[in-house]
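Survey of secondary and tertiary structure
Residues per chain are reported as follows:
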Amino acid sequence: MRDKKAVFLDRDGTIVVHEPYLSSPDQLKLLPYAAEGLRLFQKMGYFVFIITNQSGIARGFFDEERLLLIHDKLLTMLQKEGITVNGIYYCPHHTEGVVEQYKVACNCRKPKPKMILDAANKYHVDLSQSLMIGDAAVDMQAGKNAGCICVLVKSSPSDTSDELSKSADYVVQDLREAAGIFGVM
Ligand SMILES: [Mg+2]
Ligand SMILES: [Zn+2]
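Quick summary incoming for the structure in this document. Here the structure is a predicted model, which means the values were calculated and not measured. (Residues numbered from 1 in each chain as written. Chains lettered and ligands numbered in written order. Predicted model: local features only at pLDDT ≥ 70, side-chain atom pairs only at ≥ 80, totals over all residues.)

**Digging into helix α4 (residues 137-146)**
Buried residues of α4: Asp139, Met140, Ala142, Gly143 and Ala146, and no others. Summarising the axial view, the buried residues of α4 lie within an arc of 165°, below the 170-degree limit, and thus occupy one face. The secondary structure elements touched by the buried residues of α4 are α3 (114-123), β4 (131-134) and β5 (149-153). Immediately downstream of α4, the backbone of Gly147 shows phi near 90°, a positive value. (Buried ≥ 20, exposed ≤ 12 C-beta atoms within 10 Å, placed from the backbone. Helix = DSSP H or I, 4+ residues; strand = E, 2+ residues; numbered from the N terminus. Arc of directions from axis to C-beta. Contact = placed C-beta atoms within 7 Å.)

Written as structure tokens, this is what we have:
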């Protein structure tokens, strides 16, 4: 039976500060209130999954081994804040990549919902009660494609793309605000 709730979160610009093609664990910086928000979701009984496109691998900027080091560090940082991430799903592919093995039109890169669906299947998640939270159009589309409630994190006030906001069910400034909305559900 699918009766569990989950939050599916984009990584860059949603949990950590967006660094283009972040390639070293030292570059990881949690966004304001990200840890607090995740802690609240976990307390409310949501599984926590990170769903991230990492085409830097296909583009040859870093390899999968390096990405795993980055994710180990991120998990440790979050663990210190009392948060256990239930899974990290990433897509290393891109059709314009330079690394042959990853230069494919895959079926996992957001806005495709596959990474979300894989996590949901494994953990018996009811997608209609679950959230996709991210800062980009592909996150909102992936969430919609998976049948989730979509929450846009708009950390910078200068980012006023109405088109993007309209694609979301909710628009928030940070993850704490997101958790506040769903605290009463
Ligand atoms: Mg992002
Ligand atoms: Zn992929």
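**Looking at the nonpolar core**
Counting residues in hydrophobic clusters, the biggest one holds 44 residues, and the most contacted among them are Phe8, Ile116 and Val151. If we ignore the near neighbours within four places in the chain, the residues touching Val151 are Leu131, Ile133, Ala168, Asp169, Tyr170, Val172 and Ala178. (Core = buried A, V, L, I, M, F, W, Y, C linked by C-beta atoms within 7 Å.)

**Describing helix α6 (residues 175-182)**
Residues Leu175, Ala178 and Ala179 constitute the buried set of α6. One face of α6 carries all of its buried residues, which in axial projection span an arc of 95°. If you follow the buried residues of α6, they end up packed against α1 (34-43), β4, β5 and β6 (170-172).

**A closer look at the pairing of β4**
Where burial is concerned, the two faces of β4 agree: the one with Leu131 and Ile133 and the one with Met132 and Gly134 are both buried. In terms of strand pairing, strand β1 (residues 6-9) meets β4 through 3 bridges, oriented parallel. Paired with Leu9 across the two strands is Ile133, which belongs to β4. With 4 bridges joining them, β4 and β5 adopt parallel strand pairing. Each bridged residue has a counterpart across the sheet, and for Ile133 the counterpart in β5 is Val151. For the crossover that starts at β4, traverses α4 and ends in the parallel β5, the hand is right-handed. (Pairing = 2+ DSSP bridges. Right-handed = clockwise from strand over helix to strand, strands pointing away.)

**Some remarks on the sheet that holds β5**
Judged by pairing direction, the sheet is parallel, and its 6 strands sit side by side in the order β3-β2-β1-β4-β5-β6 without closing on themselves. With one partner strand each, in any of the chains shown, β3 (87-91) and β6 form the two edges of the open sheet. Neighbour to neighbour, the strand axes of the sheet diverge by 20° on average, direction disregarded. Inspection of the sheet shows strand β2 (residues 47-53) paired to β3 by 5 bridges, in the parallel sense. If you follow Phe49 over to β3, its bridge partner there is Gly87. (Axes fitted to C-alpha atoms, helices over the stretch in contact; angles between N-to-C directions.)

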